[in-house]
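These are the residues of each chain, in order.
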Amino acid sequence: MSNNVTDVANSTFDYVIAGAGTAGLTLAARLSEDPSVSVVVLEAGPANLNDPNILMLAQYGKTFGNPKYDWFFPTVKQRHANDKVVYWSRGKGLGGSSGLNFACWISPPAADMDAIELLGNPGWGWESFAKYARKVETFNEPTEEQVSKYHFTFNKNGRGSTGPIQVAFTDSFHTHDAPFHQTLRNMGIKAIHDPYSGDITGTWAANSTFDPKTFSRSYAATAFYQANENRPNLTVLTGATVARLLFADRRSPNDNLTATGVEFLSGSDKPQAYVVHARKEVIVATGTIKTPQLLELSGIGRKDVLDRIGIDVKLDLPGVGENVQEHNFAGISFEFKDNVSRESLDLLRNPEFAAQQSKLHGEHKGMHGKGITAFSYFPLSVASPKEAPSVIAQASKFVEERKASGNLPAGLADQYDLQLAALRDDTLPDLEVAVMPSFFTTISAPQPEKFYTSMVAILSHPLSRGTIHAVSKDPMQNPEIDPHAFECDFDLEMLVQHVKFVKSMMNVEPWKSLVAREVDPGPQCTTDEAMREYIKNTHGPVWHAIGSCSMLPREKQGVVDPQLKVYGTQNLRIVDLSILPLHIAAHTQAAAYVIGEKAADLIRAAQ
């Protein structure tokens, strides 16, 4: 790593990568495996290496909102959610959000990846995802003791064994997780033996990005940067904000723009502008929020947006900053009975207990070896068999009305058709419920002497589409984020069905015998309207936004082609979650690594 801007300024590298996040560091490490090429990565945040706030699990959310670790982007007021403003946390520093997230390692349903391929992206289906997921991971089998105690199931033949990212079953919060799984099975949801084979419809235990050998988080900075930091052909500069992309004055023979490098800002007090040059390619890996802004500041995007901020149009691409999709969640919290074994992340609120656990971490023991493991994905027809037909009809009516209106953005009809087909397929999941072994809601306050658990009900496939756009020429000013949450009422109705289902678990054993009371939204919240208001007022993002530079045909508001190359350019690619055109029923960490791995192969094949 270089802390000296002079090592980079006015220099020329084969590949210039903007953003040292999950996908960016993956790509940089893979490209620099070839000693004959040079790679530079520019990261706006600090290094934050060897930081216990990042490395120690079980501190979920501790770094959220902390400006050392989190960019903490606000949205605009959400007019369909009582003008609520929510904050989109994003990892600040090497490794990006892989050092900030809850360390969940989840593969999507095969059908979700195949749907992305059907939108005009050959080579991006499930088989490709599974190939690169195996490449990026080393799956650490659970110990015999873990299997005996937690009943973990897995298929090691379908998992990776040589990848940089260490993936493992962490110890479970068994008091929460075991009864959760059993209750769902008693409610008709099947147990899944291997959720990494393309079928996640059921209830199961997930892996975490956790290295049992170090008893710590495995993330892009440890796996892809620190393991390769001594390579002479890999340079990483922190504190360097990429301000705009630079292009040759003369277009290529096919009238494409040729990227020649980037302008970046460095310096904490009075940032100065510098330039670094690219011999082969410029790659943008700044994430779903910043990537469309960077393109717009460089003259690539919608003409109306660029005109508004006074930027000359170099390349008219109407899809930039559009098609944004996020997973929103609603939280439901429960108080356990006093006779239930006390096992919870809430114990870390006690400074003495937290200090003890920090010491135990150094001995590879204790709570910092525990992860979030209990997940269930299931179709709407299982959660709400009586109401599912009317809810699906509501979604279908919305889509048909949008089509008939004539103002549906190009390409969105294809996406909606695939989403409706999945909604009608009872083998595919529409709903996600995950256990947070702590108090994780915001209306009530936890009582110190009580013991809680929470469930997060997550909207997997929203029909609402948001936008992210630059609001000025200043690269240091946040873009405007408008998720358009619940603009399609179907999304809100789906979360209502989620909440109803989770509340009904109190009537089913063994959950019924463990829970003393529902805390939030509370037993008084019984009507659909009350649940709608609760969700509007308390919903939050799951920090999985995608789509702002979608991989679609250009005429369907695509920004990149299946080679991840920006339309109308010779050598500019995007390598981050912004390229996913349709949301997946999965936490997106694994997908970000897969994009980085696949991009490296695409770039090498093109040379």
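Quick note: structure is the one above.
For clarity, every value in this text was computed on a predicted model and none was experimentally measured. (Residues numbered from 1 in each chain as written. Predicted model: local features only at pLDDT ≥ 70, side-chain atom pairs only at ≥ 80, totals over all residues. Heavy atoms only, no water.)

## Let's talk about the overall build of the protein
Along its length, the protein carries 17 helices and 26 strands. In terms of overall dimensions, the protein is globule-like: its C-alpha atoms have a radius of gyration of 23 Å, near the 25 Å expected for 607 residues. Dimensions along the principal axes, computed over C-alpha positions, put the protein at roughly 70 × 60 × 45 Å. A buried classification covers 63% of the 607 residues belonging to the protein. Contacts in the protein between residues far apart in sequence, at least 24 positions, make up 74% of those at least 6 positions apart. (Helix = DSSP H or I, 4+ residues; strand = E, 2+ residues; numbered from the N terminus. Rg over C-alpha atoms; globule rule 2.2 N^0.38 Å. Buried < 20%, exposed > 50% of the residue type's maximum accessible area, 1.4 Å probe, protein only. Contact = heavy atoms within 4.5 Å.)

## Details of empty space enclosed by the protein
Gaps left between atoms are located by rolling a probe of water-molecule size over the structure's atoms. The tally for this structure, following the rule as stated, stands at six cavities of 30 Å³ or more. Quantified by volume, the largest cavity comes out at close to 100 Å³. Those elements that provide at least two residues to the lining of the largest cavity are helix H13 (412-423) and helix H14 (489-504). A total of four residues in the lining of the largest cavity trace back to one element, the largest contributor, which is H13. In terms of residue class, the lining of the largest cavity is built from seven nonpolar, two polar and one charged. Its residues assigned to classes, the lining of the second largest cavity comprises six nonpolar, five polar and two charged. (1 Å grid on protein atoms, 1.4 Å probe; cavity = no way out; pocket = protein on both sides within 12 Å on 5 of 7 lines; lining within 4 Å. Points joined across faces, edges and corners; volume = space filled by probe spheres on them. Nonpolar A, V, L, I, M, F, W, Y, C, P; charged D, E, K, R; others polar.)

## A short note on the pattern of salt bridges
Side chains that carry opposite charge are capable of pairing whenever their charged atoms lie near each other. In the structure shown here, the tally under the stated rule is 32 salt bridges. When salt bridges with common partners are traced through the structure, they connect Arg30, Glu33, Lys135, Glu597, Asp601 and Arg604 into a single cluster. (Salt bridge = Lys/Arg side-chain N within 4 Å of Asp/Glu carboxyl O.)

## Observations regarding the packing of helix H1 (residues 22-31) against helix H17 (residues 589-606)
What describes two packed helices is the angle between their axes and the distance between those same axes. Running from amino to carboxyl end, H1 crosses H17 at an angle of 35 degrees, the nearest separation of the two axes being 8 Å. The way H1 lies across H17 gives a crossing that is right-handed. Two secondary-structure elements touch here, H1 through Thr22, Ala23, Thr26, Leu27, Arg30 and Leu31 and H17 through Gln589, Ala592, Tyr593, Gly596, Glu597, Ala599, Ala600, Ile603 and Arg604. Of the residues contributing to the contact of H1 with H17, the split by class is eight nonpolar, four polar and three charged. (Axes fitted to C-alpha atoms, helices over the stretch in contact; angles between N-to-C directions. Left-handed = near helix turned anticlockwise from the far one by under 90°.)

## Overview of the layout of surface pockets
In this structure, the second largest pocket occupies an estimated 810 Å³ of space. For the second largest pocket, the lining is made up of 39 residues, of which Tyr60, Gly61, Lys62, Phe102 and Phe440 are closest to its centre. Mapped onto the lining of the second largest pocket, the elements with two or more residues apiece are helix H2 (52-55), strand S18 (328-336), helix H10 (351-362), helix H16 (528-538) and strand S25 (540-541). By residue number, the principal contributor to the lining of the second largest pocket is S18, which donates three residues.

## Examining the pairing of strand S19 (residues 374-378)
Most of S19 sits inside the fold, with five of its five residues counted as buried. Here S19 shows no split at all, with Ala374, Ser376 and Phe378 on one side and Phe375 and Tyr377 on the other all buried. Pairing of strand S8 (residues 202-205) with S19, which is carried by four bridges, proceeds in the antiparallel orientation. Looking at S19, one finds that alanine 205 is bridged to alanine 374. As paired elements, S19 and strand S20 (residues 431-436) share four bridges and run antiparallel to each other. Within S20, the position partnered with serine 376 by the bridge is valine 433. (Pairing = 2+ DSSP bridges.)

## Quick look at the packing of aromatic side chains
To describe a pair of aromatic rings, one takes the distance between the centres and the angle between the planes. Enumeration according to the criterion identifies 25 aromatic pairs in this entry. Ring geometry for phenylalanine 102 against tryptophan 543: centres 6.2 Å apart, planes inclined by 45 degrees, an arrangement best described as tilted. Here phenylalanine 102, found in the loop between strand S4 (87-88) and strand S5 (104-105), pairs with tryptophan 543, found in the loop between S25 and strand S26 (572-574); they are 441 residues apart in sequence, far enough to count as distant. Judged by centre distance (5.9 Å) and plane angle (70 degrees), the ring pair of phenylalanine 398 and tyrosine 416 falls under edge-to-face. Placement of the pair is phenylalanine 398 in helix H12 (residues 388-405) and tyrosine 416 in helix H13, with a sequence separation of 18 residues. Comparing phenylalanine 398 with tyrosine 416 shows no difference in burial state: the two are buried. Grouping aromatic residues by their ring pairs yields a cluster made of Tyr60, Phe64, Phe102, Phe329, Phe440 and Trp543. Geometry around phenylalanine 139 places arginine 159 over its ring, the cationic atom sitting 4.3 Å from the centre. Just above the ring of phenylalanine 173 sits the side chain of lysine 370; from NZ or CZ to the centre is 5.2 Å. (Phe/Tyr/Trp six-rings, centres within 6.5 Å; stacked < 30°, edge-to-face > 60°. Lys NZ or Arg CZ within 6 Å of the ring centre and 35° of its normal.)

## Digging into the pairing of strand S13 (residues 240-247)
In terms of burial, S13 is a largely internal element, seven of the eight residues being buried. Here S13 pairs with strand S14 (residues 259-266) via seven bridges, running antiparallel. Across the sheet, the residue bridging to valine 242 is phenylalanine 264, located in S14.

## Here we look at a nonpolar patch on the surface
Nonpolar side chains collect at one region of the surface, where Phe72, Val85 and Tyr87 lie side by side and expose about 230 Å² of accessible area between them. Structurally, the position occupied by tyrosine 87 is in strand S4. Classification of tyrosine 87 by relative accessible area gives partly exposed; the value is 38%. (Patch = residues over 30% accessible without salt bridge, like charges linked within 9 Å, V, L, I, M, F, W, Y side chains within 5 Å. Areas by Shrake-Rupley, 256 points an atom, 1.4 Å probe, with all protein chains shown as cover.)

## Observations concerning the nonpolar core
Judged by nonpolar contacts, the single largest core of 127 residues is most densely connected at Leu42 and Leu564. Counting residues per element, this core draws most heavily on H17, which supplies ten residues. For leucine 42, the residues in contact, after removing those within four places along its chain, are Val8, Ile17, Ala18, Gly19, Ala20, Leu237, Ala240, Val242, Val262, Phe264 and Val276. Counting residues in hydrophobic clusters, the runner-up holds 53 residues, among them Phe336, Val340, Cys488 and Ile535. (Core = buried A, V, L, I, M, F, W, Y, C linked by side-chain atoms within 4.5 Å.)

## Let's talk about the environment of leucine 315
Topologically, leucine 315 is positioned in strand S17 (residues 315-316). With a relative accessible area of 6%, leucine 315 lands in the buried category. In this view, leucine 315 contacts Leu257, Gly299, Ile300, Gly301, Arg554, Val566, Tyr567, Gly568 and Thr569; residues no more than four positions away in its chain are not counted.

## As for unusual backbone geometry
Of the consecutive residues glutamate 509 and proline 510, the connecting peptide bond is found in the cis state with omega at 0 degrees. Of note, proline 510 is situated in the loop between H14 and helix H15 (511-514). In the segment running from aspartate 520 into proline 521, the intervening peptide bond is cis, with an omega of 0 degrees. Relative to the elements of secondary structure, proline 521 occurs in the loop between strand S24 (515-520) and H16. With a phi angle near 60 degrees, phenylalanine 215 is a residue other than glycine that sits in the positive phi range.

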